[in-house]
Amino acid sequence: MGKKRQTTGKVVMMTDETRRVGFLSLSKNGRRHDKRLLDKADIVRHIPSTVTVWADTGFQGINKQHPKLPKKATRKTPLSPEQKKENKLISGIRITVEHAIAGIKRLGCMTQSLRNRRPFIDDTFILLSAVLWNFHLRRD
């Protein structure tokens, strides 16, 4: 039978160091690139240059404004040991974002397939999930 292919949704999310969700973009098709979603949300120009942005390698285009991105390796230019060490440090900082994503996915509506066809219902679900996650963090 094979794997059942499903369409996915993608959002751009910003968190702080306490795993609290501060920004969610509107959800788009999962095939769209991360950098294009970020450009469409137009959030980078609102971030002061004094704030450090720790993003993953999908956002390579913003390194002119915020230079703290992990380096990507290619076949022609593998990473040096110093670059690998720096990427490991960045991923240790970025793990808070992954914990926030996992916290949002605690609700079953975020992990199961959505069969409802109402407009913006997926955005409503992710917003409610993020609000509940932030409420959960406030209680701890």
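What counts and how
Residues numbered from 1 in each chain as written. Predicted model: local features only at pLDDT ≥ 70, side-chain atom pairs only at ≥ 80, totals over all residues. Heavy atoms only, no water. Patch = residues over 30% accessible without salt bridge, like charges linked within 9 Å, V, L, I, M, F, W, Y side chains within 5 Å. Areas by Shrake-Rupley, 256 points an atom, 1.4 Å probe, with all protein chains shown as cover. Salt bridge = Lys/Arg side-chain N within 4 Å of Asp/Glu carboxyl O. Lys, Arg positive; Asp, Glu negative; His and termini not counted. Charge placed at Lys NZ, Arg CZ, Asp CG, Glu CD. Helix = DSSP H or I, 4+ residues; strand = E, 2+ residues; numbered from the N terminus. Buried < 20%, exposed > 50% of the residue type's maximum accessible area, 1.4 Å probe, protein only. Core = buried A, V, L, I, M, F, W, Y, C linked by side-chain atoms within 4.5 Å. Expected span 1.5 Å × (residues − 1). Contact = heavy atoms within 4.5 Å. pLDDT = per-residue confidence, 0-100. Polar contact = N/O pair within 3.5 Å; in protein donor to acceptor, adjacent residues only side chain to side chain. Pairing = 2+ DSSP bridges. Axes fitted to C-alpha atoms, helices over the stretch in contact; angles between N-to-C directions. Parallel < 35°, antiparallel > 145°, perpendicular 65-115°, else oblique. Left-handed = near helix turned anticlockwise from the far one by under 90°. Nonpolar A, V, L, I, M, F, W, Y, C, P; charged D, E, K, R; others polar.

Q: Which residues make up a positive patch on the surface, and what values do they have?
A: On the surface, a cluster of positive charge is contributed by Lys-28, Arg-32, Arg-36 and Lys-40. Here Arg-36 shows up in helix α1 (residues 34–41). Taking relative accessible area as the criterion, Arg-36 reaches 57% and is therefore assigned exposed.

Q: Any chance you could break down the environment of Asp-39 for me, citing the residues and the numbers?
A: By secondary structure assignment, the location of Asp-39 is in helix α1. In sequence terms Asp-39 and Ile-62 are 23 residues apart; their C-alpha atoms lie 9.4 Å from each other.

Q: Talk me through the nonpolar core; I want residue IDs and the actual numbers.
A: With 11 residues, the main nonpolar core is built from Val-12, Leu-37, Leu-38, Ile-43, Val-44, Ile-47, Val-53, Ala-55, Phe-59, Ile-62 and Leu-69. Among the nonpolar cores identified, the runner-up in size contains seven residues, and Met-13, Ala-100, Ile-104 and Ala-130 belong to it.

Q: Lay out helix α2 (residues 81–104) in plain terms, naming residues and giving numbers.
A: Residues separated by three or four positions in an α-helix point in the same direction, a consequence of the helix having 3.6 residues per turn. For α2, which comprises 24 residues, the first-to-last C-alpha distance of 35 Å matches the rise-based estimate of 34 Å (1.5 Å per residue) to within 8%. Where α2 is concerned, the buried positions are Asn-87, Ile-90, Arg-94, Val-97, Ala-100, Gly-103 and Ile-104. Each element contacted by the buried residues of α2 is listed here: β2 (13–15), β3 (21–24), α3 (108–111) and α4 (121–139).

Q: I'd like a rundown of the pattern of salt bridges, residues and numbers included.
A: Evaluated as defined, the whole model comprises five salt bridges. Put simply, Arg-45 and Asp-42 hold a salt bridge, and the shortest N to O gap is 2.7 Å. Residue classification places Arg-45 among the exposed positions, given a relative accessible area of 61%. With relative accessibility at 33%, the residue Asp-42 sits in the partly exposed group.

Q: How would you explain the confidence of the model for the protein if you had to name every residue and give the values?
A: Per-residue confidence for the protein averages 84 on the pLDDT scale, and 97% of its residues sit at or above 70. Mean pLDDT across the elements of the protein bottoms out in α3 (80) and peaks in α4 (91).

Q: Tell me what's going on with unusual backbone geometry, and back it up with residues and numbers.
A: Positive phi, close to 70 degrees, is recorded for Arg-19, a residue that is not glycine. Accessibility expressed as a relative area gives 29% for Arg-19, which makes it partly exposed. Phi is positive for Asp-42, which is not a glycine, with a value near 55 degrees. Within the element layout of this structure, Asp-42 appears in the loop between α1 and α2.

Q: So, the environment of Asp-16: which residues are in play, and what are the values?
A: When you line up the elements, Asp-16 lands in the loop between β2 and β3. For the pair Asp-16 and Phe-120, spaced 104 residues apart in sequence, the C-alpha to C-alpha distance is 26 Å. Reaching out from Asp-16, the side chain makes a polar contact with the backbone nitrogen of Arg-20 at a distance of 3.0 Å.

Q: Account for the pairing of β3, with residues named and values stated.
A: Both β2 and β3 contribute to a ladder of three bridges, which runs antiparallel. Within β3, the position partnered with Thr-15 by the bridge is Val-21. The turn joining β2 and β3, which pair antiparallel and follow one another in sequence, is formed by five residues; a positive phi near 70 degrees is taken by Arg-19.

Q: Give me the lowdown on the packing of α2 against α4, citing residues and values where you can.
A: As a packed pair, α2 and α4 sit with axes 9 Å apart at the nearest point and diverge in direction by 110 degrees. One element, α2, and the other, α4, form an angle in the roughly perpendicular class. Remark: the crossing between α2 and α4 carries right-handed chirality. Contact residues: α2 offers His-99, Ala-100, Gly-103 and Ile-104, while α4 offers Ser-129, Ala-130 and Trp-133. Each residue belonging to the contact of α2 with α4 can be placed in one class, and the counts come to four nonpolar, three polar and no charged.

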